[in-house]
Amino acid sequence: MKAWVLTEIGEIRLEAWDKPVPGPGEVLLAVKAAGVCGSDIPRIYQTGAHVHPLIPGHEFSGIVVDTGAETEWPGKRVGVFPLIPCKSCRPCAEGHYEMCRHYDYLGSRRDGGFAEYVCVPARNLVELPDNVSYEEAAMLEPMAVAVHAMRRAQPGNQDTIAICGMGTIGLLLLMFLLEAGKAEGLRPERILVVGNKEFQKQKVLKLGLPEECWCDSRKQNADEWLKEHTGGGGVDVFFECVGKQETLVQAVNHTSAGGRICLVGNPVSGMTLERDVYWKILRNQLTVTGTWNSSFCHEETDDWHYVLDRLARKQIIPGGFITHRFPLEELDRGFRIMRDKSGDYGKIMGIL
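If you're wondering where the values come from, they're calculated on a predicted model, not measured in any experiment.

Engineer: Would you take a moment to explain the overall build of the chain for this structure?
Structural biologist: Secondary structure summary: the chain contains eleven helices and 17 strands in total. Taking the principal axes of the C-alpha coordinates as reference, the chain spans close to 60 × 40 × 40 Å. Here the chain, with 352 residues, has 53% of them falling under the buried criterion. Pairs at least 24 residues apart make up 71% of the contacts formed inside the chain by residues separated by at least 6 positions. Surface accessibility of the chain: about 15700 Å² in total, with carbon and sulfur atoms responsible for 48%. With 39 positive and 46 negative side-chain charges, the chain shows a spacing of 2 Å between the two charge centroids.

Put into structure tokens, the structure is as follows:
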């Protein structure tokens, strides 16, 4: 088969690779769509993976073509939860597989989806409704991550909300907040968004956010803007989707007394708390919560089924976030666009 193989930091090539054979409890998937995640880029070009050689890619979907001993899956169209839990640690025993202490992971610890075929544990599969496309299914993982953050913070319909950072997760988070708000009475004008690209602004407006709720931090002072739009009192819920020191401080400064901060963005550098910032957390009795990955436990209440239900009912349509589509042979063009930031991009998708 053809696969993008990472042999060492910065060395990734399309190679002829042995087609994998499913072991006990596994199926062989013919990959149909694979999204490039922001975390794939440092893994390829800066830090390397946990093992080399490795086929990256953890956002993908496909069709089951070989099932080994697994008889219920042949020919089924599926999405894939990339985290493989150990099933023996305390979080696993409690059904919180996203917090597994000894997990494996497709695309970073074992071969992933930037290939024609991949072996996947059958327990990590979710069957797709007929009206959910492979591209949409390849976005299940980032969408479930956004939903997990939303559900961690539990915003109410009377809350004022801020989202700082309009990368893929920030945009998807906004999409789900707006979708949930339609049923729960959360008005769009109660959501304040801080981004830094005209491309992001257009996506935000297309989702239905009023223009006055958008702040371009390149052209405006985001602190002054947030202060003005909250009367100096701050928001009830602040989603920090950047992962930088200054935006963490911004979240503390602009969250109201008794409010909640949800830390979503992976840190891009060291994070420290100055004394005055720490005091604000104490004196305002802020709740600061982290969020990681997403819940997948084969139950209708988990994050993946939450997303899949809304996809099937067409309450969310994420295809507009896909800005680039490349055949597998040209997927490295997408890697370089994201690495070099050589143009505006949303979700970059490999199509097989």
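Anyway, onward from the coordinates.
Engineer: Honestly, the environment of Ala-162 in this entry has me stumped. Any pointers?
Structural biologist: Residue placement: Ala-162 occurs in strand S10 (residues 161-164). Residue Ala-162 is classed as buried on the basis of its relative accessible area of 1%. In the structure, Ala-162 is positioned 105 residues away from Pro-267 in sequence and 19 Å away in space, judged by C-alpha atoms. Setting aside residues up to four positions removed in sequence, Ala-162 forms contacts with Leu-192, Leu-226, Val-235, Val-237, Phe-238 and Phe-239.

Engineer: Help me out: how do you make sense of the packing of helix H5 (residues 168-184) against helix H6 (residues 198-207) in this one?
Structural biologist: The axes of two packed helices give the description: the angle between them and the distance between them. At a minimum axis distance of 10 Å, the contact between H5 and H6 shows a crossing angle of 15°. Classified by the interaxial angle, the pair formed by H5 and H6 is roughly parallel. By crossing handedness, the relation of H5 to H6 is classed as right-handed. Contacts between H5 and H6 involve Leu-171, Leu-174, Met-175 and Leu-178 from the former and Gln-200, Lys-203, Val-204 and Leu-207 from the latter.

Engineer: Is there a simple way to explain the packing of aromatic side chains in this structure?
Structural biologist: Pairs of aromatic rings are described using the distance from one ring centre to the other and the angle between the two planes. Under the defined criterion, the tally for this structure stands at seven aromatic pairs. On the basis of an interplanar angle of 80° and a centroid distance of 6.0 Å, the ring pair of Trp-4 and Phe-335 is categorised as edge-to-face. Note that Trp-4 is positioned in strand S1 (residues 2-8) and Phe-335 in helix H11 (residues 331-340), a separation of 331 residues in sequence. The exposure classification of Trp-4 matches that of Phe-335, with both residues buried. Members of the aromatic cluster, joined through ring pairs, are Trp-4, Phe-114 and Phe-335. Above the face of the Tyr-117 ring, Lys-19 is positioned so that its terminal group lies 4.3 Å from the ring centre. For the cation-ring pair, Arg-310 lies above Tyr-306, with the distance from its terminal atom to the ring centre recorded as 3.5 Å.

Engineer: Sorry if this is basic, but what is going on with H6 here?
Structural biologist: Because each turn of an α-helix spans 3.6 residues, side chains separated by three or four positions in sequence point in the same direction. Along H6, the residues that are buried comprise Phe-199, Gln-200, Lys-201, Lys-203 and Val-204. Packed against the buried residues of H6 are H5, strand S11 (191-195), strand S12 (214-216) and strand S16 (322-327).

Engineer: Looking at this structure, I do not really get the nonpolar core. What am I missing?
Structural biologist: The nonpolar side chains of a soluble globular protein tend to be buried, and buried together. Core analysis: the largest hydrophobic core is formed by 72 residues, its most contacted members being Ile-163, Phe-176, Ile-191 and Phe-239. Considering each element in turn, this core owes the most residues, nine residues, to H5. Dropping the residues within four chain positions of it, Ile-191 is found in contact with Ile-161, Ile-163, Leu-174, Leu-177, Leu-178, Leu-186, Leu-209 and Cys-213. Core analysis: the next-biggest nonpolar cluster, separate from the first, contains 37 residues, Ile-12, Val-36, Val-78 and Phe-326 among them.

Engineer: I would appreciate a short explanation of the side chain of Ser-294 in the present structure.
Structural biologist: With respect to the element layout, Ser-294 can be found in the loop between strand S15 (287-290) and helix H10 (303-312). Residue classification places Ser-294 among the buried residues on the basis of a relative accessible area of 0%. Side chain to side chain, Ser-294 and Trp-304 meet in a polar contact 2.9 Å long. Setting aside residues up to four positions removed in sequence, Ser-294 forms contacts with Phe-81, Glu-98, Ala-144, Val-145, His-148, Asp-303 and Trp-304.

Criteria and thresholds
Residues numbered from 1 in each chain as written. Predicted model: local features only at pLDDT ≥ 70, side-chain atom pairs only at ≥ 80, totals over all residues. Heavy atoms only, no water. Helix = DSSP H or I, 4+ residues; strand = E, 2+ residues; numbered from the N terminus. Buried < 20%, exposed > 50% of the residue type's maximum accessible area, 1.4 Å probe, protein only. Contact = heavy atoms within 4.5 Å. Areas by Shrake-Rupley, 256 points an atom, 1.4 Å probe, with all protein chains shown as cover. Lys, Arg positive; Asp, Glu negative; His and termini not counted. Charge placed at Lys NZ, Arg CZ, Asp CG, Glu CD. Axes fitted to C-alpha atoms, helices over the stretch in contact; angles between N-to-C directions. Parallel < 35°, antiparallel > 145°, perpendicular 65-115°, else oblique. Left-handed = near helix turned anticlockwise from the far one by under 90°. Phe/Tyr/Trp six-rings, centres within 6.5 Å; stacked < 30°, edge-to-face > 60°. Lys NZ or Arg CZ within 6 Å of the ring centre and 35° of its normal. Core = buried A, V, L, I, M, F, W, Y, C linked by side-chain atoms within 4.5 Å. Polar contact = N/O pair within 3.5 Å; in protein donor to acceptor, adjacent residues only side chain to side chain.

So, to be careful, I would describe these as geometric facts and stop short of saying anything about function.
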